[in-house]
Amino acid sequence: MKLGFIGTGAMGLPMLRNLLAKGFAVTAYDANPAALDVAVAAGAKRAASCADVARASEGIVTILPSASNVQAAYLGPSGILEAAAKGTLCIDMSTIDPGTARQVAARLAERGVRYIDAPVSGGVAGATAGSLTIMIGGVASDVEAARPALVAMGANLVHVGAVGAGSVAKLCNNLIAGVAFVAVSEAFRIGEAWGVDPKILTDVISTSSGATWAMQKNHPVPGIDPKAAASRDYAPGFTTDLMGKDLGLAVNAAREGRVAASVAAAAQQVYRMASAHGFGRKDCASVYQFLKPGSKDSPV
Ligand code: NAD
């Protein structure tokens with residue numbers, strides 16, 4: 001399958017490299033010329049627009065920041081829909097809301113263009129290692145057609161259900177992860193305020209009921225885990241901006257489903273505030289930095 005790839009950013013670039021390494025011929029486009037230059041240097045063929053990618057491709061991978069970017073890339077001027085041949089298979093790996101995934105799929109289907117949503121978990125490290133978890137929504141035959149490309153980028157493929165179901169699974173996962181980073185940060189700030197060594201607290205929690213991926217794989221306190229973003233001045237990783245976006249998507253999905261989501265909504269506001277105070281482009285674990293204690297002199 002001749003592949004197209006749109007969105008060669010933090011996630012897209014290593015995913016594209018894995019496709020190239022597995023022998024796929026790939027035509028790439030990114031709205032940011034510098035990001036596209038790096039993809040071309042890695043071995044991709046340069047395209048001038050999303051439509052240009054569609055003209056050259058039988059399958060198209062997109063991994064873009066948000067739903068508005070996905071709508072623009074698929075449905076906007078010089079977008080995929082303008083140029084994709086009937087039968088083209090589109091694989092959107094962005095984290096967006098399930099409603100947009102279904103809307104884009106429906107518009108493409110009017111022209112006989114196929115679409116699956118296939119968001120990912122595992123971060124830049126997983127994208128680089130080709131070990132991403134990929135949560136897929138779509139028709140079974142389309143998922144099977146996409147499988148060779150997907151296994152080049154991920155190690156754990158789960159077909160969740162119809163179009164949009166992959167996005168639902170992704171939002172559910174990130175709701176839990178996003179809340180957990182805030183919870184771990186609050187817990188460690190309390191521990192420090194009462195003089196408890198964060199390394200010892202980590203040991204306690206690791207073998208107790210509070211153990212969580214957020215603490216064990218990306219500890220928000222600097223100096224505990226040398227591999228964690230916190231020990232690299234919170235270089236992302238997965239940014240605070242993106243976590244705020246994903247919790248917003250989860251809250252919207254809850255609202256549309258008439259589900260109460262109070263903890264997710266509270267965590268969303270924490271990330272929004274952290275973004276507004278300069279932590280937006282840092283790793284989301286920097287929410288720990290944002291939650292620094294007030295002055296000891298302030299009234300309690
Ligand atoms: P990024 O900002 O690093 O890269 C996105 C790229 O898309 C940018 O280079 C941008 O120029 C390009 N772009 C935006 N709109 C475009 C358009 N209309 N046409 C062409 N190019 C366009 O973002 P990222 O970190 O790679 O994240 C991409 C998606 O993956 C997001 O939805 C995010 O939530 C999801 N995700 C990210 C991570 C992570 O750790 N970074 C992990 C899992 C999922």
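See the structure above.
Residues numbered from 1 in each chain as written. Predicted model: local features only at pLDDT ≥ 70, side-chain atom pairs only at ≥ 80, totals over all residues. Heavy atoms only, no water.

**A short note on the nonpolar core**
- If you look at the biggest cluster of nonpolar residues, it comprises 60 residues, and the most contacted ones within it are M15, M93, Y115 and L150.
- For this core, the leading source of residues is helix α8 (residues 140-153), giving six residues.
- Excluding residues within four positions of it along the chain, L150 makes contact with I91, M93, I116, A118, I134, I136 and L157. (Core = buried A, V, L, I, M, F, W, Y, C linked by side-chain atoms within 4.5 Å. Buried < 20%, exposed > 50% of the residue type's maximum accessible area, 1.4 Å probe, protein only. Helix = DSSP H or I, 4+ residues; strand = E, 2+ residues; numbered from the N terminus. Contact = heavy atoms within 4.5 Å.)

**A look at the site of the ligand**
- Around the ligand sit 25 residues, and of these A10, M11, D30, L64 and T95 come closest.
- Within the contact set of the ligand, an oxygen atom lies 2.9 Å away from a backbone nitrogen or oxygen of A10.
- L64 is positioned such that a nitrogen or oxygen atom in its backbone is 2.9 Å from an oxygen atom of the ligand.
- The protein chains hide 87% of the 840 Å² of surface that the ligand would expose on its own.
- Here the ligand occupies the largest pocket.
- Counting only elements with at least two residues in the shell around the ligand, the list comes to α7 (123-129) and α12 (240-256). (Near = heavy atom within 4 Å. Polar contact = N/O pair within 3.5 Å; in protein donor to acceptor, adjacent residues only side chain to side chain. Areas by Shrake-Rupley, 256 points an atom, 1.4 Å probe, with all protein chains shown as cover. 1 Å grid on protein atoms, 1.4 Å probe; cavity = no way out; pocket = protein on both sides within 12 Å on 5 of 7 lines; lining within 4 Å. Sits in = over half its atoms within 2 Å of the grid points.)

**Description of the environment of R55**
- Of note, R55 is situated in helix α3 (residues 50-56).
- When the C-alpha positions of R55 and A84 are compared, they lie 6.0 Å apart, and in sequence the two are 29 residues distant.

**Structural notes on unusual backbone geometry**
- Omega for the peptide link from P236 to G237 comes to 5 degrees, which places this bond in the cis form.
- By the element assignment, G237 lies in the loop between α11 (213-217) and α12.
- Of note in the backbone geometry, S78 takes a positive phi value of approximately 55 degrees without being a glycine.
- Secondary-structure assignment places S78 in the loop between α4 (67-75) and α5 (80-83).
- In this structure S78 comes out as partly exposed when scored by relative accessible area, which is 38%.
- The phi angle at D233 is positive, at roughly 55 degrees, despite the residue not being glycine.
- Tracing the backbone shows D233 in the loop between α11 and α12.
- Judged by relative accessible area, D233 falls into the exposed class, the value being 53%.

**Some words on the pattern of salt bridges**
- Enumeration over the complete set of coordinates arrives at seven salt bridges.
- Residues R147 and E144 are paired through a salt bridge, measuring 3.0 Å at the closest nitrogen-oxygen approach. Pair noted here: R147 and E144 are both in helix α8, with a separation of three residues, about one helical turn.
- Note on R147: relative accessible area 31%, which makes it partly exposed.
- Two residues, D233 and K282, come together in a salt bridge whose shortest N-O distance is 3.9 Å. Within this pair, whereas D233 is found in the loop between α11 and α12, its partner K282 is found in the loop between α13 (262-279) and α14 (287-290), the two being separated by 49 residues in sequence.
- Here K282 falls in the partly exposed class, since its relative accessible area comes to 23%. (Salt bridge = Lys/Arg side-chain N within 4 Å of Asp/Glu carboxyl O.)

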